[in-house]
Amino acid sequence: NRSTYTTPFSRLQKEVEEAREEANDNVRFLSTLTKRIDMLTSDSADFEHLDKIFDGILHTILLIWRYSKYYNTPTRLAVLIREICNSVISQAMKYISGPEVFNMIASEEAQECYEKLDRTLQVCNAFKDTYVLYRDVAAAQGGDGWKMKNDALFVRLDAFRERCRDALDFTRTVIQFSKLERIDIGGTKGRSLSQCVVAMHEEFNKAVEEFKSVTYDIMDVGEKQFDHDYFKFRAAVKGLDRRLGSLLGSAFDDLDTMQLRLKLFDNFEGLIERPIIQAELEKKHKTLLRQYQQDLTKVETSFIENRDKVDQCFDDAPIYSNLPPVAGAIYWARSARKRIAEPMSKMVFYNHTLRETPEEFREVDKQYNTLLKMLEGYEQHRYAGWESTSVDVAKEKLKMRLLRRQEKTGLLKVNFDPALVRLIREVRFFLVFDIEVPPSAQEMFNKSGMRASQHDKEKDKEAATYRQWVAQLDHIVQMYNSVLTELLPVEEPLLEDRITKMDVALSPGLTDLKWRSEDRIPEFIENTMKVVSDVSGVVDIMKQNLRNISTILSQWCKEPIIERKKGAKPVAMDEFDLKHKEQVGMKMMRMSDGGREIHKFLKDSNEALKVSKVAVNWKAYVDFVNNIVIEGFVSSIAVSLQYLCEILDPLIIAKHEMLPLFDVKLELSNQEIIFDPPFLSLNGGPSLRMTVDGWLKDFFATVTCMQRLDVNAGDYLNEIREHF
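Structure report, in brief.

## Overview of unusual backbone geometry
Move 1: At E108, a residue that is not glycine, the phi angle is positive and equals roughly 60°.
Move 2: With respect to the helices and strands, the residue E108 is situated in the loop between α5 (98–106) and α6 (110–140).
Move 3: Residue D434 is not a glycine yet carries a positive backbone phi of 60°.

## Thoughts on the environment of Q294
Move 1: Turning to its location among the elements, Q294 is positioned in helix α11 (residues 275–311).
Move 2: Between the C-alpha atom of Q294 and that of V364, which follows or precedes it by 70 residues, the distance is 9.6 Å.

## Some thoughts on the side chain of K284
Move 1: Relative to the helices and strands, K284 is located in helix α11.
Move 2: With relative accessibility at 14%, the residue K284 sits in the buried group.
Move 3: Contacts of K284, omitting those with residues within four sequence positions, involve G249, F252, D253 and F265.

## Re the pattern of salt bridges
Move 1: For the coordinates displayed, the defined rule picks out 30 salt bridges.
Move 2: With a closest N to O distance of 2.7 Å, D158 and R161 form a salt bridge. One end of the pair, D158, and the other, R161, are both in helix α7 (residues 150–178), 3 residues apart, so they sit about a helical turn from each other.
Move 3: Relative accessible area serves as the criterion here: at 21%, D158 is assigned to the partly exposed category.
Move 4: Take R161: its relative accessible area is 12%, and that puts it in the buried class.

## A look at the nonpolar core
Move 1: In terms of nonpolar packing, the biggest core is built from 111 residues, with I61, I81, W146 and F268 touching the most fellow members.
Move 2: Discounting residues that sit within four places of it in the chain, F268 has contacts with L180, I183, I185, L244, L247 and L248.
Move 3: Ranked by size, the runner-up nonpolar core spans 94 residues in total, among them V427, Y466, I549 and V622.

## Details of the environment of S42
Move 1: As for its placement among the helices and strands, S42 is situated in the loop between α2 (34–41) and α3 (54–67).
Move 2: It is 9.6 Å that separates the C-alpha atoms of S42 and S87, two residues lying 45 residues apart in sequence.

## Re the packing of aromatic side chains
Move 1: Taken as a whole and assessed by the stated rule, the structure comprises 32 aromatic pairs.
Move 2: On the basis of an interplanar angle of 70° and a centroid distance of 5.2 Å, the ring pair of F170 and F233 is categorised as edge-to-face. With a gap of 63 residues between them, F170 in helix α7 and F233 in helix α9 (residues 225–254) connect regions that are remote in the sequence.
Move 3: According to the relative accessible area criterion, F170 is buried, its value standing at 1%.
Move 4: Here F233 falls in the buried class, since its relative accessible area comes to 4%.
Move 5: Each ring, one from F429 and one from F433, has its centre 6.4 Å from the other, and the planes form 40°; the classification is tilted. For the pair formed by F429 and F433, the shared burial category is buried.

Thresholds applied
- Here, residues in each chain are numbered from 1, in the same order as that chain's written sequence.
- Restriction of local features to residues with pLDDT of at least 70 applies here, the model being predicted, together with a cutoff of 80 or more for giving and counting side-chain atom pairs; totals for whole chains, interfaces and linings are based on all residues.
- Hydrogens and waters are ignored; side-chain quantities use all the structure's heavy atoms.
- Comment: elements are numbered from the N terminus, with helices defined as DSSP H or I runs of at least four residues and strands as E runs of at least two.
- Throughout this description, buried means an accessible area under 20% of the type-specific maximum (1.4 Å probe, protein chains only), exposed means over 50%, and partly exposed covers the range between.
- Contacts: residue pairs with any heavy atoms within 4.5 Å of one another.
- Here a salt bridge means any side-chain nitrogen of Lys or Arg lying within 4 Å of a carboxyl oxygen belonging to Asp or Glu.
- Throughout this description, the term nonpolar core refers to a set of buried Ala, Val, Leu, Ile, Met, Phe, Trp, Tyr and Cys residues connected via side-chain atoms within 4.5 Å.
- Stacked, edge-to-face and tilted labels apply to pairs of Phe, Tyr and Trp rings (six-membered ring for Trp) whose centres lie within 6.5 Å, assigned for plane angles under 30 degrees, over 60, and everything in between, in that order.

As structure tokens, then:
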């Protein structure tokens, strides 16, 4: 007999076999996800690049859905997607947690925190976007497709994404309000308004600290208290936004210039994105546009009024005096462009910040573009005119000779044409202004040795051609002209041969060599420098020796041989004469030393000239120096004679209220008046006249301190006597 359990057991056996078949089939298909799911759930997973595996996971799920016999129902797909969402959320909370958000903000790493939160949201969005993509693929392949509501699949992921957005908003708010710490408002109310900003920043910090004091993880979507705490924080920030908007409007009205108002907006950059503050910006933006439009009109008027002055290089033209004409004109135009461009860039930025573009901005933009084209056209016109008229002309000037002689004076001049100098100066500033320069002009500039900037210093060492040549030739010409102009007629015969040698050495620069003779110019400069320097050196020695001789002679004439101190009392004649003799001895000793120096200087000149001492020209030169020495002695004696007259002249004595020079006693002897000392010597004894005569002899005796220059013996006493 069959058991009553046979039928149920058979049915159960069949169900088990079907379940086993289903389980084996599921394992076979789901095992293809193992590797990628392990990558998703691994503790070492790199969250920032986690989105790269979403495509592989969902593509595998799509294949399972299509080919699996059992694992292709909405219920099982929903479970699988929810588990993946949970894994993504779990990895996200490891990547950035609530306490980590607060710690990073406290460590002034709010920007890094914002970037991590933003990346977290991107990864979560990437998974949902990838799911939608493969859901559409499944629907396109036919069949039932993935007909499930997204809310049922992503309820927890959507909640986490919303929490990320809140955390992002919190972090962004912290970043924006952190700018209040560094805001310094100008204007008459600047100090009080800046203090208000500081107070608001402190209030914001208190609100942040209160929000950070929560005991839960703000990234945990299961914490419902977050909504209440975050609403409280946002309410506090909204109040601060209203106060900041009012403060911004007050500060804007207090400032007068457009630059200061733009700077004010720059100070609040970031905060302007906040809706309440943005509304205040919309009110003030139109005022700023009108002010900028007025400035555009001023720039345009100034440009039109001064354009002709700049073109004709008038003295009152608004360009810098150190700039060449064309570069100065271009710099003037570019300065005007810069003046209008900098505010315009900010106007455009703030205009994009607004919710809609004001009609005034379109008018300003049109006027700006018109003026900009006018300034750019002027720059191009001036540059094109310079290029067509200056470059080729300057290039032709390179065919000129190095030197030229002036007809009237016979002196030399470096023949580097001003047109070349002007071109080189223009090119230098063109390079500074980053303007393209014609190749020929660039080549001439490179050889000029001028630098457009400090970065060209090394290039300058290699290319300092024209500037170096001109400097060297200027030095040569200066020495040559000095020789010709400084030589006295008596000196010229001594240097006649050397002057001829100089003329021969310089003649190629006057006849053959041109500025484009680049291979021959260095050798010419080297040879002429050597010859001219030699002659100039000899002339310098002669002139310096002559100056030294004149200095010695002038020292002799500074003080008289006889001396009486100012306000001195009368003294005995013998006592005064004794001091005078001492002074004469010291004076003659100094003059003897000076005489020997004069002989030495004359000898040095002879050695420098390398001329025979018996040569006629040299003897004539010695006679010339002789006359200088004689004049020096005459002047020295004249100084002493003049001083002696002054201390003996009754009128000068009375005028300066001077005391008598000597004590003279008056005695009555046998009815005869006797002076002591006497005016005249009666018996050969000392007298006033004899003493004064002795002083005069002393004056002339100084001439004997120096030997003659022409015969190295004797003195100049005879010549001196002829003068008195």
